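These are the residues of each chain, in order.
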Amino acid sequence: MTQQTVYFVTGTDTDVGKTYVSQLLLQYFNQSSTAIGYKPIAAGASMNDGELKNEDALILQSASSLQLAYKEVNPICFKEPIAPHIASEMVGESITVSGLTQWWNKSKGQCDIALIEGAGGWRLPLNNKEYLSSFVKDIQCEVIVVVGMKLGCLNHALLTLETIKQDGLIIKGWIANQCDSPMNFYEENLAYLKQHVDVPFIGEIKVNQTIDNLILSHL
Ligand SMILES: Nc1ncnc2c1ncn2[C@@H]1O[C@H](COP(=O)(O)OP(=O)(O)O)[C@@H](O)[C@H]1O
Ligand SMILES: [Mg+2]
């Protein structure tokens, strides 16, 4: 295997389509390569075959080229769908950047392209001092930003992109996701972002988009 490409998929918020888009990206990459999806931290899970499993991680696991054991895809999983640093305090298990980096150093390298889905948005707290973004900085991978095209997304998109750049990371590009219905004035909002954002535009994901007519650039 040549050098592995690693992407971290973040979004403008929770529920903006990070998982939906990641699944499509995995399918897209797996047409000509090997790609595995990871979900390091998940909050919101139910018992399945004797262990807590999260829906996002299961989706990524099944879209991957290699079916890893659940715990390899999702090492940190909480039952409650709440902020992970609060969930971790409730169960007395701390989440740290160094713990995540150690996990990643052991897990990486099993495919050509690894796609790591974040949790929440860019500045997700891990504990009282650290953020998930520091893990991305630690492993120095490129970032893909999913913009959930809903009211408020212009502000969220601009702030997110600006902050990732300030954090010194490379943004591979951004993706406009229509979520579960097209927003009012979708085209106008999309045009504004295309004009004002100076990172590559990877493409548009329509409502119920499938791999069939997916057009992506810059990947
Ligand atoms: N392009 C889309 N078409 C149809 N449904 C979508 C689309 N994007 C997201 N959804 C749905 O919206 C919900 C939130 O998306 P999800 O990918 O789980 O967001 P996130 O991972 O950012 O929390 C899910 O039910 C998902 O299936
Ligand atoms: Mg998700």
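These notes cover the structure that comes with them. Since the structure is predicted, the reported quantities are computational estimates derived from the model, not experimental observations.

## A few points about the site of ligand 1
- Surrounding ligand 1, one finds 17 residues, the nearest of these being Val16, Gly17, Lys18, Thr19 and Tyr20.
- Among the elements that take part in the shell around ligand 1, helix H1 (residues 18-29) stands out by supplying 3 residues, more than any other.
- Taken together, the residues of the shell around ligand 1 sort by class into 5 nonpolar, 8 polar and 4 charged.

## Observations concerning the sheet that holds strand S8 (residues 142-148)
- The strand order across the open sheet built from 6 strands is S2-S7-S1-S8-S9-S10, with neighbouring strands paired in parallel fashion. Bordering the open sheet on either side are strand S2 (35-38) and strand S10 (201-205), each of which pairs with just one other strand. Here the average twist between neighbouring strands, direction ignored, is 20°.
- Where strand S9 (residues 171-177) and S10 come together, 4 bridges link them in parallel fashion. When the bridges of S10 are listed, Trp174 appears paired with Phe201.

## Some remarks on the environment of Leu26
- You can see Leu26 is positioned in helix H1.
- Residues within four places of Leu26 in sequence aside, it is in contact with Ala35, Gly37, Leu60, Ala63, Ser64 and Leu115.

## Structural notes on the nonpolar core
- Membership of the largest hydrophobic core comes to 56 residues, with the highest contact counts inside it found for Val9, Val21, Leu115, Val147 and Ile175.
- Ranked by residue count, the leading element in this core is H1, at 6 residues.
- Each residue touching Val9, except ones within four places of it in the same chain, is listed here: Lys18, Val21, Ser22, Leu115, Ile116, Glu117, Gly118, Ile144 and Val146.

## Description of helix H7 (residues 153-166)
- Compared with the 20 Å implied by 1.5 Å per residue over 14 residues, the 20 Å span of H7 between its first and last C-alpha is a close match.
- The set of residues buried in H7 consists of Cys153, Ala157, Thr160, Leu161 and Ile164. Summarising the axial view, the buried residues of H7 lie within an arc of 95°, below the 170-degree limit, and thus occupy one face. Turned more than 90 degrees off the buried face of H7, the exposed positions are Asn155, Glu162 and Gln166.
- Turning to H7, the residues buried within the fold contact S8, S9 and helix H8 (186-196).

Rules and cut-offs
- Residues numbered from 1 in each chain as written.
- Chains lettered and ligands numbered in written order.
- Predicted model: local features only at pLDDT ≥ 70, side-chain atom pairs only at ≥ 80, totals over all residues.
- Near = placed C-beta within 6 Å.
- Helix = DSSP H or I, 4+ residues; strand = E, 2+ residues; numbered from the N terminus.
- Nonpolar A, V, L, I, M, F, W, Y, C, P; charged D, E, K, R; others polar.
- Pairing = 2+ DSSP bridges.
- Axes fitted to C-alpha atoms, helices over the stretch in contact; angles between N-to-C directions.
- Contact = placed C-beta atoms within 7 Å.
- Core = buried A, V, L, I, M, F, W, Y, C linked by C-beta atoms within 7 Å.
- Buried ≥ 20, exposed ≤ 12 C-beta atoms within 10 Å, placed from the backbone.
- Expected span 1.5 Å × (residues − 1).
- Arc of directions from axis to C-beta.

What is shown is where atoms sit, not what they do.
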